[in-house]
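# A look at the structure
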Amino acid sequence: MPQTSSPHRGTARADRADGAMTGGRVPGPAAPDPGPDGAGLLRGLDPLLRAWLPEQRWFAGKGREITGFQLLSAVELLPCDGRLGTPGLLHLLLDVEQAGGGADCYQLLLGTREVLPPALGGALLGRAREGSLAGLTVYEALYDPKLAGLLLERLRTGGRTGPLRFSAEPGTVVPAGLPARMSGAEQSNSSVIYGDAFILKVFRRISAGTNPDLEVSLALARSGCPRVPAPAAWFEALGLHDEPATLGVLQRFLHGSSEGWALALESVDGDGPEFTDAARELGAATAQVHGALAEAFPRERLDAAQVGLLATAMTDRLRTAARAVPQLAPYADRLAGAYTDLAELGERGDGLGAQRIHGDLHLGQVLRTEDAGWVLIDFEGEPSRPLSERRRPQPPIQDVAGMLRSFDYAARHRDPGSPAAAAWAERQRDAFCAGYADAGGRDPRRAAVTLRAYETDKAVYEVLYEARHRPRWLPIPMAAVERLAA
Ligand SMILES: Nc1ncnc2c1ncn2[C@@H]1O[C@H](COP(=O)(O)OP(=O)(O)O)[C@@H](O)[C@H]1O
Ligand SMILES: O=P(O)(O)O[C@H]1O[C@H](CO)[C@@H](O[C@H]2O[C@H](CO)[C@@H](O)[C@H](O)[C@H]2O)[C@H](O)[C@H]1O
């Protein structure tokens, strides 16, 4: 609901009928101009954000000092009213500047209250001491069922509030008043589950353009492909750049589904059935999704020069990762051989087929349902890559390599060096590749050079990912690095 009244004591006011606050316009990252109310907001938030952001799993700039903030957009979706005891809801797009240069744009949904109920204690950012939020407690709004419910209502009703545009997929019915709960899965983004019927993914790091998670799952659902949860509604920021930036997607929640990762671990740990049938079906599901994507989006044939560029990009990523993670450095030259082989294959052969793909396929991105079998989620691609790159056609074997790496992860999650783990992973690789080929995909085992290059690239990415986010898990991709470098 657009707000026109004063949201907070102090200077920040929603003084436009469309709900955008003064200084809440979106001037673009090149020329941010938060204006007086934006500056007032930031004065109170600055110290809270400096302490809170680096603690968030989705914050990509861990380990680098935050040097400043630029407010790109501030929209008040609900005013905080102390007399009525109602919380406020602020939507912010914020450039976070860090040592070493550059800035990343993050989306924040902040609740404001005079007094935070104990149940929301875990969502606390802190109390603002100055600026337009002075005296108010600031917290993560998505944890507050009332505020998360308000966001659902905006998605249901659609329309504009300042730079925010809410849209619904025609023909989809989203009931009002579904109870909200924050998803426990702390990943690259934040998700809210509504009544076990829908899940809203709120993207955290925002880039201009349509997020492939929306673009791809919408195209697949519209084509009738049953292997993705259909998007029901989404919201975007207009005016950041030339293109709208996707901020969040509401999609069907697959209630009662099981995550591939959990099922695989049960099998590895001996608590569940052998996984090979599931791996074979997963290979078939992946091939079906690749088939549907090849129909829905343009395809390309990468020539020798383009394959050479792929190999160069892989080599660059390897060199960057080896500089950041010293354990990787001794293997770098031998690993780079896989990329040289790929470039030579490009010279010799008739190129590589490329199309839209999942882009970050692993066992945490597949859900097994009673009715539909395997369903693929999270088509966002590797969050660390630029959006433009993630939206480009890629060889589909990249997804295969991602899943094969994931079998290796599951197998080695307890003991990276165990021979039984290696044998388990080998069985799943074979089953997955056989299922992929049976369902119409090209047997990945017959593309050994390309597969090895992509597995190496993924293992290198994982080394960097684990070193940054989960250092205890670093031995898992390092075991793969040793093997791939041999
Ligand atoms: N449509 C869905 N139905 C059921 N659970 C889902 C759905 N989408 C996501 N999830 C759950 O939420 C987790 C995180 O979702 P994901 O899209 O991978 O988010 P992120 O981009 O933050 O990694 C998944 O691993 C899965 O457990
Ligand atoms: O799910 P996200 O899009 O956030 O993907 C990132 O995090 C993943 C971990 O949660 C990471 O995946 C790696 O660990 C998985 C086990 O936790 C394993 O199944 C994957 O094979 C492995 O790559 C992913 O790489 C990262 O982009």
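Computed from a predicted model, the values in this text were never measured in an experiment. (Residues numbered from 1 in each chain as written. Chains lettered and ligands numbered in written order. Predicted model: local features only at pLDDT ≥ 70, side-chain atom pairs only at ≥ 80, totals over all residues. Heavy atoms only, no water.)

### Some remarks on the packing of aromatic side chains
One pass over the full model with this rule turns up 13 aromatic pairs. With 5.9 Å between their ring centres and 45° between their planes, Trp58 and Tyr106 make a pair best called tilted. Within this pair, whereas Trp58 is found in the loop between α1 (35-52) and β1 (66-78), its partner Tyr106 is found in strand β3 (residues 103-113), the two being separated by 48 residues in sequence. With respect to class, Trp58 is no different from Tyr106; both count as buried. Relative to Tyr465, the ring of Tyr461 lies with its centre 6.2 Å away and its plane at 25°, an arrangement referred to as stacked. Pair noted here: Tyr461 and Tyr465 are both in helix α11 (residues 448-469), with a separation of four residues, about one helical turn. Here Tyr461 falls in the buried class, since its relative accessible area comes to 18%. Through pairs of rings, three or more aromatic residues link up here, namely Phe275, Trp374, Phe407, Trp424, Phe432 and Tyr436. (Phe/Tyr/Trp six-rings, centres within 6.5 Å; stacked < 30°, edge-to-face > 60°. Helix = DSSP H or I, 4+ residues; strand = E, 2+ residues; numbered from the N terminus. Buried < 20%, exposed > 50% of the residue type's maximum accessible area, 1.4 Å probe, protein only.)

### Re the site of ligand 1
Neighbouring ligand 1 are 18 residues, the closest being Asn189, Lys201, Arg252, Leu254 and Glu259. At a separation of 3.1 Å, a nitrogen atom of ligand 1 approaches a polar side-chain atom of Gln251. For ligand 1, an oxygen atom lies 3.3 Å from a polar atom in the backbone of Gly364. When contributions to the shell around ligand 1 are tallied by element, the ones reaching two or more residues are β10 (198-202) and β13 (245-252). For the shell around ligand 1, the per-class residue count stands at seven nonpolar, six polar and five charged. The two domains that each donate at least three residues to the shell around ligand 1 are domain 1 (20-252) and domain 2 (258-485). (Near = heavy atom within 4 Å. Polar contact = N/O pair within 3.5 Å; in protein donor to acceptor, adjacent residues only side chain to side chain. Nonpolar A, V, L, I, M, F, W, Y, C, P; charged D, E, K, R; others polar. Domains from an automatic or database assignment.)

### Some thoughts on the domain arrangement of the chain
How big an interface is tends to be expressed through the accessible area that disappears when the partners come together. In terms of domain boundaries, the chain breaks down into domain 1 (20-252) and domain 2 (258-485). Each of domain 1 and domain 2 has a C-alpha centre, and these two points are 31 Å apart. Taken over both partners, the interface formed by domain 1 and domain 2 buries close to 2,100 Å², and the fraction arising from carbon and sulfur atoms is 53%. In this assembly, domain 1 and domain 2 are joined by five salt bridges. Put simply, Glu215 and Arg356 hold a salt bridge, and the shortest N to O gap is 2.9 Å. For the interface between domain 1 and domain 2, the tally reads 10 residue pairs in polar contact (both at pLDDT 80 or more). (Buried area = accessible area lost by both parts, 1.4 Å probe. Salt bridge = Lys/Arg side-chain N within 4 Å of Asp/Glu carboxyl O.)

### Remarks on unusual backbone geometry
In terms of backbone geometry, most residues other than glycine have negative phi values and most peptide bonds are trans. At Asp196, a residue that is not glycine, the phi angle is positive and equals roughly 55°. Looking at the secondary structure, you find Asp196 in the loop between β9 (190-194) and β10. Positive phi outside glycine occurs at Asp378, with the angle close to 60°. If you trace the backbone, Asp378 turns up in the loop between β18 (373-376) and α8 (387-390).

### Brief notes about the site of ligand 2
Neighbouring ligand 2 are 16 residues; Ser188, Ser406, Tyr461, Glu462 and Tyr465 lie closest to it. Asp378 is positioned such that a nitrogen or oxygen atom in its side chain is 3.3 Å from an oxygen atom of ligand 2. One nitrogen or oxygen atom from the side chain of Ser406 is found 2.6 Å from an oxygen atom belonging to ligand 2. Calculation on ligand 2 without its partners gives an accessible area of 540 Å², and the protein chains cover 95% of this total. Of all the secondary-structure elements, those providing two or more residues to the shell around ligand 2 are α9 (397-411) and α11. Here the residues of the shell around ligand 2 are counted per class, giving five nonpolar, five polar and six charged. (Areas by Shrake-Rupley, 256 points an atom, 1.4 Å probe, with all protein chains shown as cover.)

### Concerning the sheet that holds strand β7 (residues 164-168)
Strand order in this open sheet of seven strands is β6-β7-β12-β13-β10-β9-β8, and the pairing throughout is antiparallel. Two strands close off the open sheet at either side, each with one partner strand: β6 (159-161) and β8 (180-182). Averaged over all adjacent pairs, the angle separating strand axes in this sheet is 20°, with direction ignored. Contacts from helix α3 (residues 212-222) reach β10, β12 (231-237) and β13, with the element oriented near 150° to β12. (Pairing = 2+ DSSP bridges. Axes fitted to C-alpha atoms, helices over the stretch in contact; angles between N-to-C directions. Contact = heavy atoms within 4.5 Å.)

### A short note on the side chain of Ser191
Mapping Ser191 onto the fold places it in strand β9. Once residues within four sequence positions are removed from consideration, Ser191 is found in contact with Met182, Ser183, Ile199, Leu200 and Lys201.

### Structural notes on the UniProt feature "domain: Maltokinase N-terminal cap" (unreviewed entry) in the chain
In this structure's numbering, the residues bearing the UniProt feature "domain: Maltokinase N-terminal cap" (unreviewed entry) are residues 52-144. Here residues 52-144 is 1% helix and 46% strand, with 18 Å between the C-alpha atoms at its ends. (UniProt positions renumbered as here; feature names shortened; annotations may be inferred.)

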